[in-house]
Amino acid sequence: MTSPVETIAQWQEEFAAIRRDIHAHPELGLEEHRTAALVAAKLREMGIEVHEGVGRTGVVGVIRNGNGRRIGLRADMDALPMEEETGLPHASTHKGRMHACGHDGHTTMLLAAARYLQQTRRFDGTVHLIFQPGEEGAGGALAMLEDGLFERFPCDEVYGLHNRPGMPVGQAGLRPGPMMAGVAFYDIVVQGRGGHGARPEATVDPVVAGSAIVGALQSVVARNVPAIERAVLSVTRFDAGNAYNVIPDRVRLGGTVRAFSRTMMELVEQRMRAIAEGVAAGFGASATLDFRVLTTPLVNDAGATEALAAAAAALGATDADFPAVMGGEDFAFMLEKVPGAYAMVGNGDTAEVHHPKFDFNDAAIPHGAGLLAAVVERQAPRV
Ligand SMILES: [Zn+2]
Ligand SMILES: [Zn+2]
């Protein structure tokens, strides 16, 4: 029996053309109208049941083939607000937008897996093909969940993947447990009382209070987060006054927090609030913290990770102890609802993701698509 990778490789030209078409027409999060229409049209051509507008621009395809397990396969569809510098024939035709994270490739891989599963039907169960909008900070996974994704399309397991520059094509990497960090952005506004730079005694200087807060925040990871946990708290913005002789009325600090569990995210937020408010009060100022969780930590289910790693190992080289990364991925919200796993798949020797010279490697299409198809055949075997 030929492997899914071999079968899908026979359609390489067709799917590479689809990938390049999506690449040339990148759309930002929750605005993926053309991409979603293209996905829906391709699924219909394959004879697959299609549901559009799930979580704004999300699309779900359904392949039913018996009463076995219900498997969700998820790909993201959105591009980034940046200018492409690849100079390729299929480069972006939309100014200031670019598929620099390879979501054009993920969408194409899931389409190729859909074609394979629909044609071969070597599984017993239901496959839900989840084309998610807005992964890059637009809240697309939550939008689909709030739209009843798993109530309308129940899944026993859900799988996703992301291309990885620098990893050879055909190779996969994943790990059980926390694999990608939860991500939060925050703002702290310190309100003092401005005045003349020569008469600080008549002011409540928010620059001094804000500076003390920046210093004190360094104690959160060092003194509150247990040493065996991993977390990052970075202050990356400090917006204060704009004159040499004016003490500003208020300053604004901002930055990012990363951690590998909800509990640690909450602990860091709690400590930040206490420090910001307490330190500011000590200076006679006041401070407010706005802490926004963009993605929850991505946690791979042990059983699902084993299944995905075994499927990957049957197709090629696999690193089942892939190191966790501090980057975030909003598929994590789906993994909070349904057990599943997420893998990195090799994109070969390309520029890094989010780089203006990045391009998804078409040679990876059959490998990623084949992996998604293979995990369905493994987890919902034909009886
Ligand atoms: Zn990205
Ligand atoms: Zn991405």
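Going along each chain's sequence as written, the residues are numbered from 1 onward. All chains are assigned letters beginning with A, and all ligands numbers beginning with 1, in the order in which they are written. Local features in this predicted model are restricted to residues whose pLDDT is 70 or higher, and side-chain atom pairs enter the listing and the counts only when it is 80 or higher, whereas totals over whole chains, interfaces and linings include all residues. To obtain the side-chain values, all non-hydrogen atoms of the structure were included, while hydrogens and water were left out.

Asker: Just give me the short version of the coordination of the zinc ion (ligand 2), but keep the residues and values in it.
Answerer: Only nitrogen, oxygen and sulfur atoms count as donors, using a 2.8 Å cut-off from the metal that widens to 3.2 Å for Na, K and Ca. Water is left out, so coordination shells may look unfilled. At this site the zinc ion (ligand 2) is bound by C101 (SG), H103 (NE2) and H162 (NE2), with donor distances of 2.1 to 2.3 Å. Between consecutive donor residues of the zinc ion (ligand 2), the sequence gaps follow C-x1-H-x58-H. A distance of 3.1 Å spans the gap from the zinc ion (ligand 2) to the zinc ion (ligand 1), which C101 bridges by coordinating each metal. Pair noted here: C101 is in the loop between β3 (70-76) and α4 (103-120) and H162 is in strand β5 (residues 157-164), with a separation of 61 residues, a long-range link. A residue is classified by how much of its surface remains accessible, and H162, at 8% relative accessible area, is buried. Helix and strand definitions follow DSSP, with helices as H or I runs of at least four residues and strands as E runs of at least two, each counted in order from the N terminus. For each residue, the accessible area found with a 1.4 Å probe, counting protein chains only, is set against the maximum for its type, and the residue is called buried under 20%, exposed over 50%, and partly exposed in between.

Asker: Report on helix α11 (residues 365-379), specifying residues and quantitative values.
Answerer: Helix span, as expected, comes to 1.5 Å for every residue beyond the first. The end-to-end C-alpha distance of α11 is 22 Å, a good match for the 21 Å that 15 residues give at a rise of 1.5 Å each. Taken across its 15 residues, α11 has twelve buried, putting it largely inside the fold. All of the buried residues along α11 are I365, P366, G368, A369, G370, L371, L372, A373, A374, V375, V376 and E377.

Asker: Which residues make up the sheet that holds strand β1 (residues 49-54), and what values go with them?
Answerer: As summarised here, the arrangement of the eight strands in space is β1-β2-β4-β3-β5-β16-β6-β15, forming an open sheet in which the pairing is mixed. Each having just a single partner strand, β1 and β15 (318-319) make up the two edges of the open sheet. Following DSSP output, two strands are said to pair if at least two bridges run between them. Judged from the two bridges that link them, strand β6 (residues 172-173) and strand β16 (residues 340-346) form a sheet pairing that is antiparallel. Following the sheet pairing, A172 is matched in β16 by V345.

Asker: Can you tell me about the coordination of the zinc ion (ligand 1), naming the residues and giving the values?
Answerer: Six octahedral donors around a metal ideally sit at 90 or 180 degrees from one another, while four tetrahedral donors ideally sit at 109.5 degrees. Donor atoms from the polypeptide that coordinate the zinc ion (ligand 1) comprise C101 (SG), E136 (OE) and H354 (NE2), at 2.0 to 2.2 Å from the metal. Donor residues for the zinc ion (ligand 1), ordered by position in the chain, follow C-x34-E-x217-H. Relative accessible area serves as the criterion here: at 39%, H354 is assigned to the partly exposed category.

Asker: Can you break down the domain arrangement of the chain residue by residue, with the values?
Answerer: For the chain, the assigned domains read domain 1 (4-178 + 298-379) and domain 2 (182-295). Start and end positions for the domains come from either an automated domain assignment or a database one. Here the C-alpha centre of domain 2 lies 38 Å away from the C-alpha centre of domain 1. Residue-level contacts link ten residues of domain 1 with nine residues of domain 2. Buried area: the accessible surface (1.4 Å probe) lost by two parts on joining, summed over both. Together, the buried faces of domain 1 and domain 2 total about 890 Å²; carbon and sulfur atoms form 65% of this surface. It is P178, M326 and F333 that lose the most area in domain 1 upon contact with domain 2, and together they represent 53% of the buried surface on that side. The term salt bridge refers to a side-chain nitrogen of Lys or Arg lying within 4 Å of a carboxyl oxygen of Asp or Glu. For the interface between domain 1 and domain 2, the tally reads one salt bridge. Of the charged contacts in the structure, one is a salt bridge between E336 and R262, with a shortest N-O distance of 2.9 Å. Counted as a polar contact is a pair of N or O atoms within 3.5 Å, where, for protein atoms, one must be capable of donating a hydrogen and the other of accepting one, and residues adjacent in sequence contribute only when both atoms are in side chains. Our count for the contact surface shared by domain 1 and domain 2 stands at two residue pairs in polar contact (both at pLDDT 80 or more). The class makeup of the residues in the side of domain 1 that touches domain 2 is five nonpolar, two polar and three charged. Here, residues are in contact when the closest pair of their heavy atoms is within 4.5 Å. Three residue categories are used. Nonpolar comprises Ala, Val, Leu, Ile, Met, Phe, Trp, Tyr, Cys and Pro, charged comprises Asp, Glu, Lys and Arg, and polar comprises the others, including Gly.

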